[in-house]
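Architecture and fold: a report
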Amino acid sequence: MEQSKYLPKFFSFVFILFVSQCALAQPLDLGDSKSILALASTLQGLENKTKANRLMDKMKKRMEKNKSQIKEHDWSPLTKLACEAAIINPRPDRLLACAKAEIGRITQIHNPQPSLENVYINQLKRAVGMLSAALVLQERGISTDATIVQEIKDDLTCAVTILTTGVSISLCHSVYSQHKDTLK
Amino acid sequence: MKQRYIIGGRKGWLKVKLDQGRIVSLPEYIKVNFLERISNRDKFEILEGVYKGKKASVSARGAETSWLGSPMPLYKSAVSLTFKISTSLLKTPIGDIQAVTDSINPIPTGVYPIQLPDFPHDLGESYLDQATKALTWFYLGTGNAVQGKNDRYLHTGLISAGCVTVKEIDKWDRLYKSLIRARALGGKKIGTIKVLA
């Protein structure tokens, strides 16, 4: 009885991993979970952690400033800060922030090439790579709080669902769902 | 009136006060016309860059010294860079350097003017331990860059959001040195960059 309770959760997790691997069949740069995991095994030194923490603090301050001054985020610099932090010292929370920022900046890309739809799909694939890596890192014991883990799972399910069905779902964070009409 | 140039600090920038009262940063080697020294401040007119034509002042460096240098250094002719997206190579006066653009939002192919540096970019701070001039980004376009409008720059760093990003951070200071005193006509640009597929 006790085991059967966890079966649906287990299968949904396996499904997500399976679909995410399919989405990753083509080589992706920042979204390549293998590269991220390889990086993660070598970049956990104190210097990297301090540098990455500084970048994340800076990103949070910028987000607050954006909110109070221009009422919307200027995503390009936020992407640089979050993704640099994720590359310097890969951790689940940083990969989550990087993936979100990359999706967020789609609306601010001037003249997307070859089309907005193409950019959106590629960013979703990148997000899947990063979020899959984030879950593996979390399972390897790189600690992060439960809220973040849930957010990673939600965003991963969201990105995979949009990629496979073209439809946004209710658990999608606003940065993901703001493009919900793009794939129709 | 005597022509002088801006002496920057270690990071290559000098804070000055515009006549309207706003404090701005000027990149080193910007040409200025020295006007006068009043109350221990040197007044000048900016001759190049985004503040071209504006008057400003800076506190004197010392009783006999100034942040406005003379004699004038040797300026070079306009530079011509080539960036090939497919090979991730940037051809520069100091040789080929590894550079990237965002694969999802690449800089479109074409020829872009390279402007004199506009302001210190704090996104470069994390690289200051590897490149003292990492705050200096060169805007690739005409007019002034506008925040949030997907502007393209030549800069150093690990992440590109569509700029031409020099990944060999330890080579940035050498490249910077070869660019900062180059000049094209008009007092705003240092040359051009050709972006190839």
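You'll find the structure just up there.
The structure contained in this document is the topic of the report that follows. This one's a predicted model, so the numbers in the text were calculated from it and none came from an experiment.

Of the regular secondary structure elements, chain A holds 8 helices and 0 strands. Beginning at the N terminus, the succession of helices and strands in chain A can be written as α-α-α-α-α-α-α-α. The burial tally for chain A puts 48% of its 184 residues in the buried class. Within chain A, residue pairs in contact and separated by at least 24 positions form 68% of the contacts whose partners lie at least 6 positions apart. Looking at chain A as shown, the accessible area adds up to about 9500 Å², and 57% of this sits on carbon and sulfur atoms.

Residues and elements named next belong to chain B. All told, the structure shown has 4 aromatic pairs over all chains when counted by the stated rule. When the ring of W137 is compared with that of Y153, the centres are 5.6 Å apart and the planes differ by 75°; the resulting orientation is edge-to-face. Of the two residues, W137 is situated in the loop between β12 (110-115) and β13 (138-139) and Y153 in strand β14 (residues 153-156); the sequence distance between them amounts to 16 residues. Judged by its relative accessible area of 5%, W137 falls in the buried class. Note on Y153: relative accessible area 6%, which makes it buried. Arranged with centres 5.3 Å apart and planes meeting at 50°, the rings of Y139 and Y153 form a pair that is tilted. A residue pair is termed long-range when its members are at least 10 positions apart, and Y139 in strand β13 and Y153 in strand β14 qualify at 14 residues.

Attention shifts here to the environment of T156 of chain B. All names here are of chain B. By the element assignment, T156 lies in strand β14. C-alpha separation for the pair T156 and T82, spaced 74 residues apart in sequence, amounts to 16 Å. Beyond its immediate stretch of four places on either side in the chain, T156 contacts Y127, A134, T165, V166, I169 and W172. Side-chain polar atoms of T156 contact the backbone oxygen of V166, separated by 2.9 Å.

Reading the values: rules and limits
Residues numbered from 1 in each chain as written. Chains lettered and ligands numbered in written order. Predicted model: local features only at pLDDT ≥ 70, side-chain atom pairs only at ≥ 80, totals over all residues. Heavy atoms only, no water. Helix = DSSP H or I, 4+ residues; strand = E, 2+ residues; numbered from the N terminus. Buried < 20%, exposed > 50% of the residue type's maximum accessible area, 1.4 Å probe, protein only. Contact = heavy atoms within 4.5 Å. Areas by Shrake-Rupley, 256 points an atom, 1.4 Å probe, with all protein chains shown as cover. Phe/Tyr/Trp six-rings, centres within 6.5 Å; stacked < 30°, edge-to-face > 60°. Polar contact = N/O pair within 3.5 Å; in protein donor to acceptor, adjacent residues only side chain to side chain.

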